[in-house]
Amino acid sequence: MDKILEALVGSSHPVSVKKAIVKKVVEAAEKEVTEEQCHALYGLATRLILLGEDTFQRQVGIQVLEAYARCHRAQFECFFTKEFVVGLLQQGYGSLDRKDPAVIDYVHSCLRLLISCPSVLEIFGAVQVEVLRVVCERPGPAMCARLSTMLLDFVQCIPRDKSAVLFCQQLLRTIAHFQCTSDQERELQEYVSQVTKVSTLLQTIWKAEPATLLPSLQEVFAIISSTDPYFEPSIALASLVQHIPLQMITVLIKSLTTDRNVKDASMTQALCRMIDWLSWPLAQYVDTWVIALLKGLAAVQKFTILIDVTLLKIELVFSRLWYPVVRQGALVVLSHMLLSFQHCPEAFHLPDFFLSQELPKPGEKKMKQILNRSAWTSQSNSFATGLLRLSGKSETGKTGLVNLGNTCYMNSILQTLFMATDFRRHVLSQQLSGSNTLMKKLQLLFAFLAHTQRAAYAPRSFFDASRPPWFTAGSQQDCSEYLRYLLDRLHEEEKTFQILKQATSKAVPPEAGDTTPAIVSRSTDTRSHIVEAEGDRKTLVEKLFRGRLCTGIRCLQCNSISEKDEPFTDLSLAFYPPAAQELAEDSLEAERGPASACQGSVNGSDEISESSSKERQAGADGEHRVPNGPGAERCLSVPDLVNYFLAPEILDEENKYYCERCVSLQRAEKTLRVLDTPEYLILTLLRFSYDARCHVRRKILENVSIPLLMRLPSYHRTAMSGPTSSLEVDSFDSGENLAKKLKPSVKEEQELKEEVEVTSTTVESVPYVLCSVVMHSGMSSESGHYYCYCRNVSGADQGEEFKDDSLTDPGLQTCFSVVKQEEPGAQPLRDWFLFNDSRVTFTSFQSVQSVTSRFPKDTAYVLVYRKQSLTNSGGAGTNNWLRLTAEPPLQKELMDAITKDNKLFLQEQELSARTQALQAASCSFRPNGFDDNDPPGSCGPSGGGGGGGFNTISRLVF
């Protein structure tokens, strides 16, 4: 029978004839056949299966083998022995190499036929040994796929215990050598299918023997972390990721990131190759593991690895977005890499994809939340026990300022100016040359506050440049004095550059560039024309902080009026003297005429002596009207103090006014009016009074109610006939006698006699919204601590605050607050920030209002209000040039400086973490959370901290 079959297969008969004869041979298997014939047929079938020239011959061999093995099981058991199997796997068959997949297919088929025979157990043991040897020889993907299929069908052939660990490790090494050189779709699909079968085998082993999983993963990391330049592991290893339990992420990442034996180069290679796995078409959870490893490295401050990997692989990840099958995972990894790479823009400049795509933009608040959550410095450090996580930015996204030694007065003012949105945007948008100017240093400081990754920035350079010469370094100072000095420096510096520019270009004659105003009498129309012409030459400080006051004195005998205009950058608001609340308003009204003005002096000092306070009292020295004065049962409010500042004052007795018309000293009424309202209204509460008896400066601890919304009266002049003398000056020296300052010259007196003009006024109520409050904690100006509450407010986006505000009397001549009705049960908005040196936290306006009631020594000192633009509000609107609706792009030199410092900061963190130099110790501030319950404390003993009276953890001088 075997000879007939052999002759038939090699003959040239038609296929149909051959099939008919083969069918008869297979049917003959049910008849009695000698053992010799069976062995001959088994040998022939084996040769046809393993050495057949075509598919027909191999099919014939399979049919004959299966038919005779079923019918003659005993003879087949004698033929397919352990020795025969070992010989096949070790030596092959004839000319067939042992690594040919056909060998595995043949063994697989024979095991199916022999499964019910007792001798198969002995064969299983031999196969367990041989498959381990086979995988050690690094067979190709086809051989491994056939082997995996056989082992999945006969799990008894899989090595056990320690041999199973070794088998998995060697099989992983074999997978790492897989390669597919074809670019044809069919071959690629076949390759992916083969790899999937092998990974399924490993999954089965890991489930059956969990002890093999961790050693297998360690082997994977050893493979992908190899720095051998001649070996590049196959991305086929990505097929294994989906079989690793996600519950092991924490354990594995902790093991990898804290293992000191893992070198940076090896970790970089491993992470890069894991990112390469994103290209594997059927990979699952690769993005999850990649991001987990990125966060783990950030948590232990290994930023050098993260920087290198991001710059090396960002373009590859970007290119994966073009392929839908791997796009989702690539997008997740790409988003994390770009969002966490915040210390410089280099990663964003590498891919060209941004140049041609318009992507939807989330809101600014959403972007800040995502960036803050994704930053390397914000990752949890639970992986690295014993390492102290350096403080990154707080959850607010804002940057604190390091206290350089009782510099809280400067820190509070700088944070207040930084949070003045329009001022900050204009500072950052200026094109400045040179690096030694104060404005340039302020621009650099603002850039760092906006873009540094540090939790707190040390403004050493700016402090050295901006400290007033009379300020002693290391001592507590007055923040309002520093603010006034800083704004004056910025104004004078810009004015100087304007003059130098004009002199250089010669575009404007020298006399036209002279900004010193002449003291002349001029009509309102002429004055308005000149103000408009000079508007283009205003400095940034003038445009945003400068207002204009008019001081008028009216003789109560002849009703002649003398006026003087003066600029101001802040209003110094005195508190009510004790007798001011018991004024005789009826007596004052009887002496006042129908035409009266209403405004006052600005540039006073920050303290009130008893003598100057007495001048404001009703009594022997004169009278002072207090409109809307506070009642006995309610606390003072900011509008009360503004109205007290603007209230008319009677000059009498020793303070009588010398009237030129009466040619004698006369009782007079002094009034103050706001002519031009500033974009930012700065109010300083004069809390420090001088006690002449004790020769000390005492602090007024009286609580002052701070309104969120407020309206300020502003006056506009119109010409009409009548007696007046009008003067305009650039500055006002409060130390000189007011009557002498306002005394007109002889020439002006003659001109007034020839043609007399007087101006009538119209009043407008200008809306303001609170944006910053600087608090002082302590008992004197030489001690204590400054901190501030701020929020983002601009003139362009906050007009809604006054949307429901209806004025029944638009010409109201007093300052008053606007109460905005809130919905019952509404939670307070956390839209305010508390800046306490290095510490920045969220807070609410309710906390701002109640801080003094909770901590009596913490009182509001400097307030900043932003003028709002309303429809049909006339002059209250903000100039269009002031409205920068978005943050300006940083100039290259600023960005380079921030990038350099951010890299240095990451290196500092990494070095500190690696050397474990930072020990877990109590910090002087809490980087996150809210700060509504504890007093901010003071600057420490050197700053007179005892005056603050708060022995909290916040008392630390850097």
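For the structure, check the block above.
Figured I'd write up the structure that's included with this text. No experiment lies behind these values; they were computed from the predicted model shown. (Residues numbered from 1 in each chain as written. Predicted model: local features only at pLDDT ≥ 70, side-chain atom pairs only at ≥ 80, totals over all residues. Heavy atoms only, no water.)

**Comments concerning the environment of Ala265**
Then, number 1: By secondary structure assignment, the location of Ala265 is in helix α14 (residues 264-276).
Then, number 2: In the structure, Ala265 is positioned 39 residues away from Ser226 in sequence and 8.9 Å away in space, judged by C-alpha atoms. (Helix = DSSP H or I, 4+ residues; strand = E, 2+ residues; numbered from the N terminus.)

**Some remarks on unusual backbone geometry**
Then, number 1: We note that Arg138 has phi near 55°; this positive angle belongs to a residue other than glycine.
Then, number 2: Tracing the backbone through its elements, the reader meets Arg138 in the loop between α8 (120-136) and α9 (141-153).
Then, number 3: Arg138 gets classed as partly exposed once you look at its relative accessible area, which sits at 31%. (Buried < 20%, exposed > 50% of the residue type's maximum accessible area, 1.4 Å probe, protein only.)

**Details of a nonpolar patch on the surface**
Then, number 1: Together, Trp322, Tyr323 and Val325 make up a nonpolar patch on the protein surface, roughly 380 Å² of accessible area in all.
Then, number 2: Structurally, Tyr323 can be placed in the loop between α16 (303-319) and α17 (324-340).
Then, number 3: Taking the relative accessible area as the measure of exposure, Tyr323 reaches 43% and is therefore partly exposed. (Patch = residues over 30% accessible without salt bridge, like charges linked within 9 Å, V, L, I, M, F, W, Y side chains within 5 Å. Areas by Shrake-Rupley, 256 points an atom, 1.4 Å probe, with all protein chains shown as cover. Salt bridge = Lys/Arg side-chain N within 4 Å of Asp/Glu carboxyl O.)

**Comments concerning helix α6 (residues 82-91)**
Then, number 1: Among the residues of α6, Val85, Val86, Leu88 and Leu89 are the ones counted as buried. In a view along the axis of α6, the buried residues occupy a sector of 160°, so they form one face of it. Opposite the buried face of α6, at more than 90 degrees from it, the exposed residues are Glu83 and Gln91.
Then, number 2: On its buried side, α6 packs onto α3 (35-51), α7 (101-114) and α8.
Then, number 3: At the exit of α6 stands Gly92, carrying a positive phi of roughly 85°. (Arc of directions from axis to C-beta. Contact = heavy atoms within 4.5 Å.)

**Side note on the packing of aromatic side chains**
Then, number 1: This model, assessed by the stated rule, comprises 23 aromatic pairs.
Then, number 2: Seen from their ring centres, Tyr191 and Trp280 are 6.0 Å apart, and the 75° between their planes marks the pair as edge-to-face. Here Tyr191 is found in helix α11 (residues 185-208), whereas its partner Trp280 is found in the loop between α14 and α15 (286-299), with 89 residues between them in sequence.
Then, number 3: Residue class for Tyr191 comes out buried when judged on its relative accessible area of 9%.
Then, number 4: Judged by its relative accessible area of 4%, Trp280 is buried.
Then, number 5: Pairwise contacts between aromatic rings join Phe76, Phe79, Phe80, Phe84 and Tyr106 into one cluster.
Then, number 6: Above the ring of Tyr680, the side-chain terminus of Arg866 is found at 4.6 Å from the ring centroid. (Phe/Tyr/Trp six-rings, centres within 6.5 Å; stacked < 30°, edge-to-face > 60°. Lys NZ or Arg CZ within 6 Å of the ring centre and 35° of its normal.)

**Considering the pairing of strand β3 (residues 547-555)**
Then, number 1: With nine of nine residues buried, β3 lies mostly within the body of the structure.
Then, number 2: Residues Gly547, Leu549, Thr551, Ile553 and Cys555 line one face of β3 and the alternating positions Arg548, Cys550, Gly552 and Arg554 line the opposite face, and both faces are buried.
Then, number 3: Relative to strand β4 (residues 561-568), β3 runs antiparallel, the two being bridged by eight bridges. Considered in β4, the bridge of Arg554 is made with Ile561.
Then, number 4: Here β3 folds back onto β4, and the loop between the two strands holds five residues, one of which, Asn559, carries a positive phi near 65°.
Then, number 5: The sheet contact formed by β3 and strand β11 (residues 668-676) spans eight bridges and is antiparallel. Across the sheet, the residue bridging to Arg554 is Glu669, located in β11. (Pairing = 2+ DSSP bridges.)

**Some thoughts on the pattern of salt bridges**
Then, number 1: Per the counting criterion, the structure on display carries 28 salt bridges.
Then, number 2: Across the salt bridge formed by Arg425 and Glu887, the nearest N and O atoms sit 3.1 Å from each other. Of this pair, Arg425 sits in helix α22 (residues 421-429) while Glu887 sits in the loop between β23 (858-867) and α35 (892-915), and the two are 462 residues apart along the sequence.
Then, number 3: For Glu887, a relative accessible area of 36% puts it in the partly exposed group.
Then, number 4: The shortest N-O distance in the salt bridge between Glu563 and Arg673 comes to 2.5 Å. Of this pair, Glu563 sits in strand β4 while Arg673 sits in strand β11, and the two are 110 residues apart along the sequence.
Then, number 5: If you follow the salt bridges from partner to partner, you end up with Arg98, Glu130, Arg133 and Glu137 in one network.

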